[in-house]
Amino acid sequence: MTTDAGRARRDTTTDDGRDETPVEKADRNWGEILQELRAVQTGTQIITGFLLAVAFQPKFADLEPYEVSLYLVLVVLAGFATVLGLAPVIMHRQLFGLRRKPNLVVQANRLLIALLVVVSLLAAGVTSLIFDVTVSRTAGFIALGVALVVLLVFWTVVPRVGRRR
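The structure displayed is predicted, hence computed values, not measured ones.

Colleague: Help me out: how do you make sense of the packing of aromatic side chains in this one?
Modeller: For any pair of aromatic rings, the description rests on two quantities: the centre-to-centre distance and the angle between the ring planes. Taken as a whole and judged by the stated rule, the model has 2 aromatic pairs. Aromatic pair Phe 60 and Tyr 71: ring centres 5.0 Å apart, planes at 70°, arrangement edge-to-face. With a gap of 11 residues between them, Phe 60 in the loop between helix 2 (22-54) and helix 3 (65-95) and Tyr 71 in helix 3 connect regions that are remote in the sequence.

Colleague: Help me understand the nonpolar core, please; the structure alone is not making it clear to me.
Modeller: Across soluble globular proteins, nonpolar side chains have a tendency to be buried as a group. Membership of the largest hydrophobic core comes to 28 residues, with the highest contact counts inside it found for Ile 33, Leu 51, Leu 74, Leu 115, Leu 122 and Val 126. When residues of this core are traced back to their parent elements, those giving at least two are helix 2, helix 3 and helix 4 (101-134). Here this core takes 11 residues from helix 4, the largest share from any one element. Residues contacting Leu 74, with those up to four places away along its chain left out, are Leu 51, Leu 122, Gly 125, Val 126 and Leu 129.

Colleague: What should I look at first to understand the UniProt feature "transmembrane region" (unreviewed entry) in the protein in this one?
Modeller: The UniProt record annotates "transmembrane region" (unreviewed entry) at residues 37-56, 68-90, 111-131 and 137-158. Along residues 37-56 the backbone is 90% helical and 0% strand, and the end-to-end C-alpha distance reaches 29 Å. As a span, residues 68-90 carries 100% helix and 0% strand, and end to end its C-alpha atoms are 33 Å apart.

Colleague: Looking at this structure, how should I read the pattern of salt bridges?
Modeller: As a working rule, side chains carrying opposite charge can pair if their charged atoms are close by. Following the criterion strictly, the structure yields 5 salt bridges and no others. As a salt-bridge pair, Arg 137 and Glu 64 come within 2.7 Å of each other at their nearest N and O atoms. With Arg 137 in helix 5 (residues 137-164) and Glu 64 in the loop between helix 2 and helix 3, the pair connects residues that are 73 residues apart, well separated along the chain. On the basis of relative accessibility, which here comes to 42%, the residue Glu 64 falls in the partly exposed class. The class of Arg 137 is partly exposed, set by a relative accessible area of 28%. The network of salt bridges with shared partners includes Glu 64, Glu 67, Asp 132 and Arg 137.

Colleague: Looking at this model, I keep getting lost on helix 5. Mind explaining?
Modeller: In an α-helix, one full turn covers 3.6 residues, which means residues spaced three or four apart are oriented alike. Taking 1.5 Å of rise per residue, the 28 residues of helix 5 would be expected to cover 40 Å, and the 40 Å separating its terminal C-alpha atoms lies within 8% of that figure. Phe 154 marks where helix 5 bends most, by close to 35°. Among the residues making up helix 5, those that are buried are Ala 139, Gly 140, Ala 143 and Ala 147. Looking at the buried side of helix 5, the elements it contacts are helix 4.

Definitions and cut-offs
- Residues numbered from 1 in each chain as written.
- Predicted model: local features only at pLDDT ≥ 70, side-chain atom pairs only at ≥ 80, totals over all residues.
- Heavy atoms only, no water.
- Phe/Tyr/Trp six-rings, centres within 6.5 Å; stacked < 30°, edge-to-face > 60°.
- Helix = DSSP H or I, 4+ residues; strand = E, 2+ residues; numbered from the N terminus.
- Core = buried A, V, L, I, M, F, W, Y, C linked by side-chain atoms within 4.5 Å.
- Buried < 20%, exposed > 50% of the residue type's maximum accessible area, 1.4 Å probe, protein only.
- Contact = heavy atoms within 4.5 Å.
- UniProt positions renumbered as here; feature names shortened; annotations may be inferred.
- Salt bridge = Lys/Arg side-chain N within 4 Å of Asp/Glu carboxyl O.
- Expected span 1.5 Å × (residues − 1).
- Bend = angle between axes of the 7 residues up to and from the residue.

Written out as structure tokens, the structure reads:
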């Protein structure tokens, strides 16, 4: 049971129906960010592994300059995604015990959004590269366009529909 003093310390400014202190809210949000990072990290590792394996395939030597350039851009994006995925954990280790979790949650949220943008572009680019190499340059561009449209829908339309409900 919560005492009057405990109730006075509660964060009552949230409109999500939760009765929690700012520290409890930061802990909950940090846990949610970690879960999302775990999910994205798995996908990023799979894509990065795929890209690294491609360079050691016999057909890699036959890639055209455009395909090699696209491949290298994708490798850079994969490396950047890895760093973005590690950054919140590194920050947590540096700030652990300093009672800065609310600030950490804000910064980690920004990094997670940046990571999602990079991984989205990475997925679209890998799709384009695969279609380009296996079918044709035109198919690669079409695949890239379709992937970008799908991403745009999930980044803009789907959240708006969810907000209306």
